[in-house]
Amino acid sequence: MDGIKRRVAFHTLGCKLNFAETSTIARSFPEERFERVPAASGADIYVINTCSVTDTADRKCRQAIKKFIHQSPEAIIAVVGCYAQLNPSKIASIPGVDLVLGTNEKFDIAGYLSGFPKKGKQGIHSCAFSENDTFNPSWSAGDRTRSFMKVQDGCDYSCSYCTIPMARGRSRNQGISSLVEEAGRIAGRGVKEIVITGVNIGDFGRSTGESFISLLRELVKTDGIERFRISSIEPNLLTNELISLTASEPKIMPHFHIPLQSGCDRILALMKRRYRRELFAERVASIKSFLPGAGIGADVIVGFPGETDEDFEETYSFLEGLPLTYLHVFNFSERPGTAAEKMTGKVPYPVREKRSRRLISLSEAKHRTFCVENEGKSCSVLFEHSKYAGMINGFTENYIKVELPWENAIAGRILTVRLGDISLSGKVKAEII
Ligand code: SF4
């Protein structure tokens, strides 16, 4: 070894899980041989962690890969993650790509790279679906405020539009005792909030015979972590027991993000979702009965094959009638190898766009109503370390984003504030009390 450290940069696309995994992969690079540098600056090695949830995600991945190849033509370009697992040869066909690693292999990247003396020698390593069964613990450490902690991976469901089971394999998880140790390590870094993440976290325990609620009951005992936020949970896995634990345990945030996908039962059936809209409405009502002030978000897909104007209006009025506080709206995207890709009744893109614009406006109206309902209330906010236009941001327990003029002393702290009105930026003004 010539003693010169190689500069390595990381770029992540996609979900919280990907950010947790990139952060863990970055920690696997020995500091004595590698120096971590920002992706915008020149590097000897670029590791790009990809997403493939929609065709837009695929396109953004290809753009990022080409950007770094252009930025540093001599650098080693390593592409990992879901897009690399699902489409290794397509990625390898991009001139300038050196290494393509699938879901399992990405965690050994430092090893693959140490055998990679120079540019131009190409390596493709992506495991077969059947072998995609290893659980690699991961948590993000970049942001000193909160950490995304992976508790579960893969999925045993077969929603007709989704490629994630193909990219990430069967549902599996780490045992509760070792996850509690991980949480202790995260607390040791001064982080205050853990965002519990995975692919289908309500299905936690599939590979260890444990349960998600048992995991939560153990995690909240972690000293130093004051907040646990559940990143997302399937409606059919959101039990009353879980909601009531959230209501009684101050460390679990009163914020639920629940993938609905459609408010029309006919479309839910075509999507092969494991519930109908009545169950979703009943879950929301249950949350509101235990936690009237809770934040409740929902994912919705518009333009699914066969979705008529009437179906969409059914979804719209269903959502309009529910006390949700925001929506994440996605245009249906044909994914290779899925049942939905072959379905008839394709909805033209302009119609998909029009429907998603309507739901985005509905989401903004619901969020505004929720903020107005909370105006004048006092609550606790975890203030972040990042500065935006001279302001500091933070989230309340029920997921309202607030902003204050920047103050060094409050970064990374949980403080009590009184909520004010909503600013043009959509954030809520607040005063510390
Ligand atoms: S629950 Fe459905 S949408 Fe979610 S990851 Fe599993 S298959 Fe995909």
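All residue numbers here refer to positions counted from 1 along the written sequence of the relevant chain. At least 70 in pLDDT is required for a residue's local features to be given in this predicted model, at least 80 for side-chain atom pairs to be given and counted, and no such filter applies to totals for whole chains, interfaces and linings, which use all residues. By convention in this description, side-chain values take in all heavy atoms of the structure and omit both hydrogens and water.

A few words on the site of the ligand. By nearness alone, every residue bordering the ligand is listed as Cys155, Tyr157, Cys159, Tyr161, Cys162, Ile164, Pro165, Val199, Glu234 and Arg273. Within the shell around the ligand, the residues separate by chemical class into eight nonpolar, no polar and two charged. Working definition: residue near molecule or strand if any one of its non-hydrogen atoms lies within 4 Å of it. We call Asp, Glu, Lys and Arg charged. Ala, Val, Leu, Ile, Met, Phe, Trp, Tyr, Cys and Pro are nonpolar, and the rest, Gly among them, are polar.

Let us look at the packing of aromatic side chains. Only Phe, Tyr and Trp rings take part, Trp by its six-membered ring, and two of them pair if their centres are within 6.5 Å. Stacked means planes under 30 degrees apart, edge-to-face means over 60, and tilted covers everything else. Tallying each qualifying case throughout the model produces nine aromatic pairs. Relative to Phe318, the ring of Phe280 has its centre 6.4 Å away and its plane inclined at 55°; by these criteria the two rings are tilted. With Phe280 in helix α11 (residues 277-290) and Phe318 in helix α12 (residues 309-320), this residue pair connects regions lying 38 residues apart in the sequence. Only protein chains enter the calculation, and the probe is 1.4 Å; a residue is then buried if its accessible area is under 20% of its type maximum, exposed if over 50%, and partly exposed in between. Under the relative-accessibility criterion, Phe318 is labelled buried at 10%. Among the aromatic residues, those joined into a ring-pair cluster are Phe10, Phe29 and Phe34. The cationic tip of Arg27 hangs over the ring face of Trp139; the distance from NZ or CZ to the ring centre is 3.8 Å. Think of it as a cone above the ring: NZ of Lys or CZ of Arg counts as a charge over the ring if it is within 6 Å of the ring centre and within 35 degrees of the ring normal. Directly above the aromatic system of Phe135 lies the positively charged group of Lys150, at a separation of 4.9 Å from the ring centroid. A run of DSSP states H or I qualifies as a helix once it reaches four residues; a run of E qualifies as a strand once it reaches two. Both are numbered from the N-terminal end.

Within the secondary structure layout, Asn374 lies in helix α13 (residues 349-374). In the analysis that follows, any N or O atom pair within 3.5 Å is treated as a polar contact, provided that within protein one partner can donate a hydrogen and the other can accept it, and provided that, for residues neighboring in sequence, both atoms belong to side chains. Within the local environment of Asn374, its side chain forms a polar contact with the backbone oxygen of Phe370, the two atoms lying 2.7 Å apart.

Moving on, we get to the packing of helix α9 (residues 240-248) against α11. To get an axis, a line is fitted to the C-alpha atoms, and for a helix only the part in contact is used. The angle between two axes follows their N-to-C directions and goes from 0 to 180 degrees. Relative orientation of the contacting elements α9 and α11 amounts to 25°, with a least axis distance of 9 Å. Accordingly, the angle class assigned to the pair α9 and α11 is roughly parallel. Considering the relative orientation of α9 and α11, their crossing is right-handed. Here α9 contributes Asn240, Ile243, Ser244 and Ala247 to the contact with α11, which in turn contributes Arg283, Ser286, Ile287 and Phe290. Its residues assigned to classes, the contact of α9 with α11 shows four nonpolar, three polar and one charged. In what follows, roughly perpendicular refers to angles from 65 to 115 degrees, roughly parallel to angles under 35, roughly antiparallel to angles over 145, and oblique to any angle outside these ranges. Handedness of a helix crossing follows the sense of rotation of the near helix relative to the far helix, less than a right angle counterclockwise being left-handed and clockwise being right-handed. We call two residues in contact when some of their heavy atoms are within 4.5 Å.

Here we take up the domain arrangement of the chain. Each domain span listed reflects an automatic or database assignment of domains. When its domains are assigned, the chain resolves into domain 1 (6-125), domain 2 (138-374) and domain 3 (378-432). A C-alpha centroid distance of 28 Å is found between domain 1 and domain 2. Once two parts are joined, some of their accessible surface, as seen by a 1.4 Å probe, is lost; buried area is that loss totalled over both. Here domain 1 meets domain 2 over a buried area of about 1700 Å², counting both sides, of which 57% is carbon and sulfur. Of all residues in domain 1, the largest losses of buried area upon contact with domain 2 belong to Lys16, Leu17 and Arg27, amounting jointly to 33% of the total for that side.

Here the focus is the pattern of salt bridges. The term salt bridge refers to a pairing of a side-chain nitrogen on Lys or Arg with a carboxyl oxygen on Asp or Glu at a separation within 4 Å. By the definition in use, this model includes 29 salt bridges. Across the pair Arg172 and Asp153 runs a salt bridge whose closest N-O atoms are separated by 3.5 Å. Here Asp153 lies in strand β8 (residues 152-153) and Arg172 lies in strand β9 (residues 172-173), a separation of 19 residues in the sequence. The pair Arg172 / Asp153 is uniform in exposure class, with both members buried. The partner of Glu218 in a salt bridge is Lys221, and the shortest N-O contact between them spans 3.0 Å. Under the relative-accessibility criterion, Glu218 is labelled partly exposed at 31%.

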